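For reference, the chains in residue letters:
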Amino acid sequence: MAGKAKEDRAPLGVQLLRGQKALVTGASSGIGKATAIALGRAGADVVVNYVSGADQAAQVVERIEAFGVSAYAHEADVSDEDQVVAMVARAVREFGTLDIMVANAGLQRDAAVTDMSLAQWQKVIDVNLTGQFLCAREAAKEFLRRGVVPEVSRAAGKIICMSSVHQVIPWAGHVNYASSKGGVGMLMQTLAQELAPHRVRVNAIAPGAIRTPINRAAWETPQAEADLLKLIPYGRVGDPEDIADAVVAMASDLFDYVVGTTLYVDGGMTLFPGFATGG
Ligand code: NAD
């Protein structure tokens, strides 16, 4: 599979994030896994957060360590305040500080609105939105405590929120998920406004359709993939590494003047492809 080959990419010649300390939530699979590996490849030490799948998390740690940087796995539920506080405190203890927080963990609990239980609504909001708030808050405390270290980065810290094209595209049958991602957009912008004077950069990445476990049903069969491709002008389903590389760029000083922005990495899904031949 294309994604697998990409995962095994050689070390980068230029290490954009050398000496930086990163934490990626939900990093035992999918986009989080590819992102944690890509950050290590770019020279960062990485905390690999996971809530289930200790073995996969350990494998991600091994892959990162192969680049000659440090990594460890940390089990925590991002929707649990005490666990997030302890996770960030440990990162600061082990690595000395934190420079990059990638709030990536997320899930879906799909149902038609008339069938959606309060528990389904709440679970998605708790993980996808409250989890990002907690991770951003704890990272911001460390960024503000430490401030800018010019030889490491021009910013005092970077928070990257994993959003979705459903930050702006309504999604019938997924009102909890779409609402959580719409909330992530405003969470990100408000934190960006609040923290920019402290030289903390907060931004979001909004993936389109990426081949991961969360949306297996959408690409698993040839028919499902053909239907999905109608929504993607660029003509291919994304790989986790497409998102991981965008995270590396956004966390680096190449993006130092990018503040409060959502970067859509979606093969053109947000271009209203239905209007290409009609409308
Ligand atoms: P995934 O299911 O492989 O990854 C999600 C990860 O989050 C899993 O490792 C899961 O264990 C973890 N997680 C779930 N609840 C958690 C909790 N309470 N605490 C800590 N970790 C938890 O799917 P993915 O596609 O890699 O999703 C990653 C992010 O990307 C999500 O925020 C998702 O909404 C977003 N996204 C994905 C797509 C896509 O097409 N795959 C598109 C848009 C946005």
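Basis of the calculations
- Counting of residues starts from 1 at the beginning of each chain's written sequence and follows it residue by residue.
- In keeping with the model being predicted, local features are shown solely for residues with a pLDDT of at least 70 and side-chain atom pairs are shown and tallied solely at 80 or more, while totals for entire chains, interfaces and linings include all residues.
- Water and hydrogen atoms were dropped before computing side-chain values, which therefore reflect all heavy atoms in the structure.
- Only runs of H or I of at least four residues qualify as helices and only runs of E of at least two qualify as strands under DSSP, and these elements are numbered from the N terminus.
- Being paired, for any two strands, means DSSP has found at least two bridges between them.
- Convention adopted: a line fitted to C-alpha atoms gives each axis, helices being fitted over their contacting stretch, and angles between N-to-C directions are expressed from 0 to 180 degrees.
- Whether two residues touch is decided by their heavy atoms; if any such pair falls within 4.5 Å, the residues are in contact.
- Whenever Lys or Arg places a side-chain nitrogen within 4 Å of a carboxyl oxygen from Asp or Glu, that contact is recorded as a salt bridge.
- Here the term buried applies to any residue with accessible area under 20% of the maximum for its type, exposed to any over 50%, and partly exposed to those in between, with areas from a 1.4 Å probe on protein chains only.
- As used in this structure description, the phrase polar contact means that two N or O atoms lie within 3.5 Å; if the pair is within protein, one of them must be able to donate a hydrogen and the other to accept it, and residues adjacent in sequence are counted only when both atoms belong to side chains.

Our focus in this paragraph is unusual backbone geometry. Phi is positive for Arg199, which is not a glycine, with a value near 65°. Mapping Arg199 onto the fold places it in the loop between α6 (175–195) and β6 (200–207). Not every positive phi belongs to a glycine, and Phe272 is a case in point at roughly 50°. With respect to the helices and strands, the residue Phe272 is situated in the segment after β7 (262–265).

This brings us to the sheet that holds strand β1 (residues 21–24). What the seven strands build is an open sheet, ordered β3-β2-β1-β4-β5-β6-β7; its pairing is parallel. In the strand order of this sheet, the two ends are held by β3 (71–75) and β7, each with one partner. Each adjacent strand pair in this sheet contributes to an overall mean axis angle of 20°, direction not counted. Here three bridges tie β1 to strand β4 (residues 100–103), and the two strands are oriented parallel to one another. In the strand pairing of β4, Leu23 is matched with Met101. Taken strand by strand, helix α3 (residues 54–65) contacts β2 (45–50) and β3, and its axis lies near 170° from that of β2. Across the sheet, helix α5 (residues 118–146) lies against β4, β5 (157–162) and β6, angled at about 170° from β5, the strand it touches most.

Okay, the pattern of salt bridges next. If you walk through the whole model with that rule in mind, you get 14 salt bridges. A salt bridge links Lys141 to Glu138, with the nearest nitrogen and oxygen atoms 2.8 Å apart. Residue Lys141 and its partner Glu138 are located together in helix α5, separated by three residues, close to a single helical turn. You can call Lys141 partly exposed: its relative accessible area is 47%. Between Arg236 and Asp242 there is a salt bridge, with the nearest N and O atoms lying 2.8 Å from each other. Among the residues examined, Arg236 registers a relative accessible area of 36% and is labelled partly exposed.

On to the environment of Thr262. Along the chain, Thr262 falls in strand β7. Relative accessible area serves as the criterion here: at 18%, Thr262 is assigned to the buried category. For the pair Thr262 and Cys161, spaced 101 residues apart in sequence, the C-alpha separation works out to 8.9 Å. Once residues lying within four places of it in the same chain are set aside, the contact partners of Thr262 are Gln167, Met188, Ala204 and Ala206. A distance of 3.1 Å separates the side chain of Thr262 from the side chain of Gln167, its partner in a polar contact.

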